[in-house]
Structures are given as structure tokens and as C-alpha cells.
Amino acid sequence: MLTLENLHVDLGEFTLDATLTVGTGRKVAILGPSGAGKSTLLAAIAGFQPATGRIAWNDDSLAGRAPADRPITTIFQDNNLFPHLTAAQNVGLGLRPDLRLTKADETQVEEALARVGLDGLGPRKPARLSGGQAARVALARALLRHKPVMLLDEPFGALGPALRDEMLGLVRDLADETGATLLMVSHEPEDARTIADEVILVADGRAHAPVPTAEIFANPPEALRDYLGR
């Protein structure tokens, strides 16, 4: 269970507050207007953005922990691939940051690439991958990190509708297989309908508690109605 208690981010002209709980294994979409603080919320949870208040996983406080020491893996908008490394090496970073991989490690990398549909593409560098393939490399690396919480910050924003749906399906399947708790920022309400059990609305300086997806779209609060253009 992921718990935020009196979380407060102060960026001067902008502040964000949150007190909420996300159940273990839940898939949650984070929606809200541009600039509302969706990415800021993920950054605070991951440890990249300083914040006050309490962040805990299964009642274990994450205060003071560096991002790498938290039970969290994050996939960013640009997928955070290193251009000078091959796809296999980028995935291998999920196991060993120094890339001193054993034969067993290399086997795990190959299996992770195959699981996301990239069998045989390990030697390619990011410049020789399509946008969808690059996103799959990032997913494979996240798989090998074996973290119980996965944060996605619009990693499929540049993909076309068909490929986007395919990637969302893959993320849903991987989350189900691993039991990971998933929080995904999106500007697309259909993403929430496709993948999310619940929705966190971020608006007016606050991240609101999760609401079941069907319920929030059937009876959207004013901030969501404004965002949807209703």
C-alpha cells in the first residue's frame, strides 16, 4: 500500500498537496489539466522532487531515501535510454548499474526483451529503434528492477493511437503478472478507461484521493468536467 500523508511540494509560485492511499496492485491513472502538478506528484513519490509530509510503502517510510533506494521504478516521457548503449545494455542497467553482467544476468535481459516483443533486437542502439520499441526497452528494464511500484510519466505520449493502445495493453499485462502497483500520468482520458482501476485527479493545487474509474467518469467533479470540456 502506498500512502501519502500531508505531502506538500512548494515550488514558489506553485504548491501541491496530497493525502491519499493507493492499494497494493492497483492500476491508477493520474489526470488533470496541464501544469496542475501530475508529473510533480510522481517526482515527489519517486524522490526526485523534495517534499514534506510522509510517503510510505506498506507503512515503511521512504523519508530520506534516494530514488534508487526506494521500492519504485519510474519510466519518463523520453524513456531515459542512453544513446551510446545498446537496447540490451540499457535493459541490463536494471540489474547492474555497472553493467558487469553475468551469464545469468544476460539471460534475464534476453528474456525481458523477448517478453516485451523485442527478441533479437538487443544489439540495436536507441537511434535504430522506433518510438514504440524504445518504450518497450524502458519497460523491459523496469521489469528487471523488480520494484513493487511502477510510475509512468506519459511514456507513450508521442505514439500513434494504435501503438499507444498496444503499449497500454502490454503495461496492463505486465502489471498483472508482477502484481506491481501502477501510477500513470496521462493527458488522455481514454488511457484511464483502458488501463486504470482508479483515477487520481490533480487540480487546483491538490492530488485528490483515488476514485473508481467508472465512477469518476459517470459523475465527474467540476475540475474534471472543465478538463474534459463538458
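Preceding this paragraph is the structure being described.
Residues numbered from 1 in each chain as written. Predicted model: local features only at pLDDT ≥ 70, side-chain atom pairs only at ≥ 80, totals over all residues. Heavy atoms only, no water.

Some details on the overall build of the protein chain
Tallying secondary structure elements over the protein chain gives 8 helices and 11 strands in all. Counting across all 230 residues of the protein chain, residues that qualify as buried make up 48%. Separation of charge centres in the protein chain, based on 23 positive and 30 negative side chains, amounts to 5 Å. (Helix = DSSP H or I, 4+ residues; strand = E, 2+ residues; numbered from the N terminus. Buried < 20%, exposed > 50% of the residue type's maximum accessible area, 1.4 Å probe, protein only. Lys, Arg positive; Asp, Glu negative; His and termini not counted. Charge placed at Lys NZ, Arg CZ, Asp CG, Glu CD.)

Examining the packing of helix 4 (residues 131-145) against helix 5 (residues 161-178)
Two elements in contact, helix 4 and helix 5, have axes separated by 11 Å at closest approach and are oriented at 10°. Taken together, the axes of helix 4 and helix 5 lie roughly parallel to each other. Between helix 4 and helix 5, the contacting residues are Gly132, Ala135, Arg136, Leu139 and Leu143 on the first element and Leu163, Glu166, Met167, Leu170, Val171, Leu174 and Thr178 on the second. Across the contact of helix 4 with helix 5, the residue classes tally to 8 nonpolar, 2 polar and 2 charged. (Axes fitted to C-alpha atoms, helices over the stretch in contact; angles between N-to-C directions. Parallel < 35°, antiparallel > 145°, perpendicular 65-115°, else oblique. Contact = heavy atoms within 4.5 Å. Nonpolar A, V, L, I, M, F, W, Y, C, P; charged D, E, K, R; others polar.)

Here we look at helix 3 (residues 103-115)
Over its 13 residues, helix 3 runs 18 Å from end to end, which matches the ideal 18 Å to within 8%, given 1.5 Å per residue. Those residues of helix 3 lying buried are Asp105, Val109, Ala112 and Leu113. Angular distribution of buried residues about the axis of helix 3 spans 100°; they occupy a single face of the element. Facing away from the buried side of helix 3, by more than 90 degrees, are the exposed residues Lys103, Glu110 and Glu111. Looking at the buried residues of helix 3, the elements they touch are helix 2 (87-92) and helix 4. (Expected span 1.5 Å × (residues − 1). Arc of directions from axis to C-beta.)

As for helix 4
With 15 residues, helix 4 should reach 21 Å at 1.5 Å per residue; the first-to-last C-alpha distance of 22 Å fits that figure. For helix 4, the buried fraction is high: 12 of the 15 residues fall into the buried class. Inspection of helix 4 places Gly132, Ala134, Ala135, Arg136, Val137, Ala138, Leu139, Ala140, Arg141, Ala142, Leu143 and Leu144 among the buried residues, and these make up the whole buried set. Contacts made by the buried residues of helix 4 are with strand 6 (72-75), helix 2, helix 3, strand 7 (149-153) and helix 5. A positive backbone phi angle near 55° is found at His146, which sits one or two residues after helix 4.

Topic: the packing of aromatic side chains
Taken as a whole and judged by the stated rule, the model has 1 aromatic pair. Where Phe48 meets Phe76, the ring centres are 5.6 Å apart and the plane angle is 65°; that geometry is what we call edge-to-face. Residue Phe48 is located in the loop between helix 1 (38-46) and strand 4 (52-57), and its partner Phe76 is located in the loop between strand 6 and helix 2; the two are separated by 28 residues in the primary sequence. Looking at Phe48, the relative accessible area reads 47%, which means it is partly exposed. Directly above the aromatic system of Phe217 lies the positively charged group of Arg193, at a separation of 4.0 Å from the ring centroid. (Phe/Tyr/Trp six-rings, centres within 6.5 Å; stacked < 30°, edge-to-face > 60°. Lys NZ or Arg CZ within 6 Å of the ring centre and 35° of its normal.)

Describing empty space enclosed by the protein
Within the structure shown, the criterion is met by 1 cavity of 30 Å³ or more. Its volume calculated, the largest cavity comes out at about 40 Å³. Considering the residues around the largest cavity, the lining is formed by Glu154, Pro155, Phe156, Gly157, Arg164, Met184, Val185, Ser186 and Asp191. Each residue belonging to the lining of the largest cavity can be placed in one class, and the counts come to 4 nonpolar, 2 polar and 3 charged. (1 Å grid on protein atoms, 1.4 Å probe; cavity = no way out; pocket = protein on both sides within 12 Å on 5 of 7 lines; lining within 4 Å. Points joined across faces, edges and corners; volume = space filled by probe spheres on them.)

Some remarks on the pattern of salt bridges
By the definition in use, this model includes 10 salt bridges. In this structure, Arg193 engages Glu190 in a salt bridge whose closest nitrogen and oxygen atoms are separated by 2.8 Å. One end of the pair is Arg193 and the other is Glu190, both in helix 6 (residues 189-195) and 3 residues apart, which spans about a single turn. On the basis of relative accessible area, Arg193 is assigned to the partly exposed category, the value being 40%. (Salt bridge = Lys/Arg side-chain N within 4 Å of Asp/Glu carboxyl O.)

Quick word on the pairing of strand 9 (residues 198-203)
Among the 6 residues in strand 9, 6 count as buried, and that is most of the element. Of the two faces of strand 9, both are covered, the one formed by Glu198, Ile200 and Val202 as well as the one formed by Val199, Leu201 and Ala203. Pairing between strand 3 (residues 27-31) and strand 9: 4 bridges, direction parallel. Counterpart to Ala29 in the pairing with strand 9 is Val199. Relative to strand 11 (residues 211-212), strand 9 runs antiparallel, the two being bridged by 2 bridges. Residue Glu198 lies in a different strand from strand 11, and its bridge partner there is Pro212. (Pairing = 2+ DSSP bridges.)

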